[in-house]
Amino acid sequence: MKSPKKIEVQFRTIVSPHQLNSRWGRRIYWAVLAATVVLFTLAFVFPLYWMITGAMKTPEELAQMPPTLIPADPDFSAFAEAWELFDIGLLLKNTAFYALGGWLFTMAVDVSAAYALSKLRPMFGNVILGAMLATLMIPPMVVLIPTYVTIESLGLLNNPWGLWFPAAANGFNIFLLKRFFDSIPRELVEAAQIDGAGPVRVLLSVILPVSRPILGVVSIFTVVNAFRDFVLPLLVMSDSENMTLSVGLSQTAGAVGQNAVMAGLVLAGIPTIIVFFIFQRHIMAGLTAGSLKG
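What comes next concerns the included structure. (Residues numbered from 1 in each chain as written. Predicted model: local features only at pLDDT ≥ 70, side-chain atom pairs only at ≥ 80, totals over all residues. Heavy atoms only, no water.)

### Side note on helix α8 (residues 161–168)
Within α8 the residues assigned to the buried category are Gly162, Leu163, Trp164 and Ala168. Contacts from the buried residues of α8 go to α5 (88–120), α7 (140–153) and α13 (231–236). (Buried < 20%, exposed > 50% of the residue type's maximum accessible area, 1.4 Å probe, protein only. Helix = DSSP H or I, 4+ residues; strand = E, 2+ residues; numbered from the N terminus. Contact = heavy atoms within 4.5 Å.)

Set out below in structure tokens:
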């Protein structure tokens with residue numbers, strides 16, 4: 001009786017498992033990992049820290065060279081000053097209103113398009129999807145002028161529809177939704193069709209209830225984009241009563257102190273930071289939910 005052959009496992013890595021399991025290998029590994037995590041954390045967190053501490057400094061301390069990392073005498077009055085000078089309450093209300101409308105249009109258009117491409121399988125569906133994805137390779141600045149001219153021709157300047165229509169169709173959102181819809185078993189759709197459900201009924205009763213993770217991701221992306229978008233709202237919403245948060249801050253920044261500008265930026269960033277920390281698990285779950293067929 002022949003003895004079983006030994007299976008040799010080859011590791012094609014910079015550091016072999018034998019070296020990694022040694023005493024010095026583990027120490028070096030954890031040291032490099034900790035240093036990498038700390039450096040990347042500082043790179044992302046330090047600008048936020050600098051903005052918050054800058055709002056607590058006086059304009060003279062902000063202009064001091066070399067700069068101070070910790071405020072000598074922290075003062076929170078700049079936040080109240082920024083709230084009044086920038087009229088952040090009105091800007092937040094405007095931005096939230098535009099974000100809500102953009103979210104509703106995005107859900108209606110992108111979900112319908114992804115559902116049609118995934119489950120209804122129209123003729124030349126792959127060509128249509130490829131054309132949508134091709135738009136992601138076009139720099140936004142290239143289509144900015146045609147978009148503005150179209151909005152102006154339709155008489156939608158200083159009108160919420162001028163921001164809602166361009167946000168409705170998004171190739172990246174359609175791609176994410178289609179990938180998730182593809183992972184939904186075909187048997188569920190066929191069972192609903194046997195019971196007499198039409199395409200709209202299948203979408204509302206079968207597809208959407210099991211697609212909450214990816215719908216949450218698309219919703220978060222849409223809301224965050226509405227809060228951070230600057231160039232298009234700057235062109236479309238020129239009336240001071242209709243400005244978004246980012247545009248309103250930029251229009252008034254030259255007339256106030258640097259510490260008040262920093263405070264206004266902190267207040268403007270709070271909504272998106274809260275949304276991220278609340279829904280960060282949903283973001284990762286939604287992005288990976290459609291990666292495997294289930």
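### Details of the nonpolar core
Within the largest apolar cluster, 23 residues are counted, with the highest numbers of intra-cluster contacts made by Val111, Tyr115, Leu177, Phe181, Val202, Ile207 and Ile214. Those elements that provide at least two residues to this core are α5, α9 (171–183), α10 (186–194), α11 (199–207) and α12 (212–228). Counting 21 residues, the second-largest nonpolar core is a separate cluster that includes Met56, Ala78, Phe79 and Leu267. (Core = buried A, V, L, I, M, F, W, Y, C linked by side-chain atoms within 4.5 Å.)

### Re the packing of aromatic side chains
Enumeration according to the criterion identifies eleven aromatic pairs in this entry. An angle of 25 degrees between the planes, with centres 6.0 Å apart, marks the rings of phenylalanine 105 and tryptophan 164 as stacked. Residue phenylalanine 105 is located in helix α5, and its partner tryptophan 164 is located in helix α8; the two are separated by 59 residues in the primary sequence. You can call phenylalanine 105 partly exposed: its relative accessible area is 23%. Given a relative accessible area of 9%, tryptophan 164 falls into the buried group. (Phe/Tyr/Trp six-rings, centres within 6.5 Å; stacked < 30°, edge-to-face > 60°.)

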